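Below, each chain spelled out in residue letters.
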Amino acid sequence: MEKPTAPEKAFFILNPKSGVRNNISVPDLIAQHLDTSRWTPELVFTQYAGHAPDLARQAAEDGARLVVAVGGDGTVNEVARGLKGTSAALGILPKGSGNGLARHLGIPLALPQALALLNRPTFHRIDSCAINGHPFFCTAGIGFDGLVSSVFAKSTKRGLSSYVQLVVREFRSFKAQEATVSINGRSLSSEFFVVAFANASQYGNNAYIAPMANIQDGLMDVCLIRHVGVAEAIQLGYGLMTKQIAHSSLAEFHTCATVRVQSEEPQYFHADGEFIGQATEFEVQLFPESLEVIASLGAKA
Ligand SMILES: Nc1ncnc2c1ncn2[C@@H]1O[C@H](COP(=O)(O)OP(=O)(O)OP(=O)(O)O)[C@@H](O)[C@H]1O
């Protein structure tokens, strides 16, 4: 895309609570590294959880070409939600603890480099999804995934090591629930430890739940994991971190644009790592090319 003759408006939405790198002054970095011949920046801090969708939508209505989420996947989700159906593109300055969508989109985790990508932008359209009407852009999940998100939401600790400790603690008491997954005309009934829906390939922190997921192909990858004991959990953990889950007999993969899940007992679920609630029925849908982003996508998105 050609550089416009005059700078365009870029609106930065900063979550003061996200991430573990809180010694970094993002406003200073933006002042130092953003090319003001390309972008005229405006910055605002969120005041509360759930503030960013309104801020993003308003910025788009006020003519911002670019709205940048400064935070982790929760903040990215909120900003992206607000931008759906507008003509503004999403940018990301990754400042979360997991940064799943930023990693999938090839956005550098070092903020000066992420700002350099905004200075020489490449715009792409990506798919987005929704679980029971709650938009997500990276991953959503039911079962153990959902439980972990609910416990993490109550925890004040952030970062990978706290997350791993929490996963191990919750695993000991978790009981997989009976459910039926209706997908591509088939009904699959089983006890499921996890049913994960992947628009992007990873949860964050390079934990790949669906290494083959392509964010521009009009399909989500559904990963079904049935009964898991301690030995299988160790294998799965290794598979997540090495992309080997794609070849594991413990995980079954399908691709589709819609999927339904019906469960006997209420199950916890999350969208982009944020705990949403409990339900017995789930409908997950994909919306092709529904969001414009600045990214560095290789041959396989
Ligand atoms: N001003 C605010 N005060 C309190 N919470 C906020 C505020 N702004 C946003 N939030 C909430 O903070 C939560 C966490 O944000 P985010 O996911 O960006 O960071 P993270 O959890 O550190 O990163 P990651 O998701 O990558 O692990 C989100 O649920 C968001 O709604």
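Each value, and the rule that gives it
Residues numbered from 1 in each chain as written. Predicted model: local features only at pLDDT ≥ 70, side-chain atom pairs only at ≥ 80, totals over all residues. Core = buried A, V, L, I, M, F, W, Y, C linked by C-beta atoms within 7 Å. Buried ≥ 20, exposed ≤ 12 C-beta atoms within 10 Å, placed from the backbone. Domains from an automatic or database assignment. Contact = placed C-beta atoms within 7 Å. Near = placed C-beta within 6 Å. Helix = DSSP H or I, 4+ residues; strand = E, 2+ residues; numbered from the N terminus. Nonpolar A, V, L, I, M, F, W, Y, C, P; charged D, E, K, R; others polar. Pairing = 2+ DSSP bridges. pLDDT = per-residue confidence, 0-100. Axes fitted to C-alpha atoms, helices over the stretch in contact; angles between N-to-C directions. Parallel < 35°, antiparallel > 145°, perpendicular 65-115°, else oblique. Left-handed = near helix turned anticlockwise from the far one by under 90°.

Under the annotation held in an unreviewed UniProt entry, the protein chain carries the name YegS/Rv2252/BmrU family lipid kinase and is attributed to Rufibacter hautae.

Visitor: Tell me about the nonpolar core, and name the residues and values.
Guide: What tends to happen in soluble globular proteins is that the nonpolar side chains get buried as a cluster. Grouped together as the largest cluster of nonpolar side chains are 85 residues, with contacts concentrated most on I13, V67, V68, V79, L90, V195 and I209. Two domains share this core, each providing at least three of its residues, namely domain 1 (8-121) and domain 2 (134-288). Those residues within four positions of V79 in sequence are excluded, and the remaining contacts are I13, A52, A56, V67, A69 and L90.

Visitor: Describe the site of the ligand, with residues and values.
Guide: The environment of the ligand is formed by 25 residues, the closest being S18, G71, G72, G74 and G96. Ranked by residue count, the leading element in the shell around the ligand is helix α3 (residues 73-83), at four residues. In the shell around the ligand, the residues fall into three nonpolar, 17 polar and five charged. Per-domain counts for the shell around the ligand show at least three residues from each of domain 1 (8-121) and domain 2 (134-288).

Visitor: Quick one: what's the story with the domain arrangement of the protein chain, residue by residue and with numbers?
Guide: Its domain assignment divides the protein chain into domain 1 (8-121) and domain 2 (134-288). Computed from C-alpha atoms alone, the centre-to-centre distance between domain 1 and domain 2 is 26 Å. On the side of domain 2, 20 residues touch domain 1, which itself brings 15 residues to the contact. For the side of domain 1 that touches domain 2, the leading source of residues is α3, giving six residues. The class makeup of the residues in the side of domain 1 that touches domain 2 is four nonpolar, seven polar and four charged.

Visitor: A description of the pairing of strand β1 (residues 8-14) should follow, citing residues and the corresponding values.
Guide: Along β1, five of the seven residues are buried, which leaves the element largely enclosed by surrounding structure. Here seven bridges tie β1 to strand β2 (residues 39-45), and the two strands are oriented parallel to one another. In the strand pairing of β2, L14 is matched with F45. Bridging between β1 and strand β3 (residues 66-71) involves five bridges; their strand directions are parallel. Note on β3: the bridge partner recorded for L14 is V70.

Visitor: Break down helix α6 (residues 144-154) for me, with residues and values.
Guide: Listed as buried for α6 are F144, D145, G146, L147, V148 and S149. Contacts from the buried residues of α6 go to β7 (139-143), α7 (160-173), β10 (194-198), β15 (258-271) and β16 (274-294).

Visitor: Outline the confidence of the model for the protein chain, listing residues and values.
Guide: Residue-level pLDDT values for the protein chain average 93, and 97% of them are 70 or greater. The ipTM, which scores confidence in the relative placement of chains, is 0.95 for this predicted complex, and the corresponding pTM is 0.93.

Visitor: Explain the packing of helix α1 (residues 26-33) against helix α5 (residues 111-119) to me, and be specific about the residues and the numbers.
Guide: Relative to each other, α1 and α5 sit at 50°, their axes nearing to 10 Å. Between α1 and α5, the interaxial angle falls into the category oblique. For the element pair α1 and α5, the recorded crossing hand is right-handed. Contact residues: α1 offers V26, L29, I30 and H33, while α5 offers L111, P112, L115 and A116. In terms of residue class, the contact of α1 with α5 is built from seven nonpolar, one polar and no charged.

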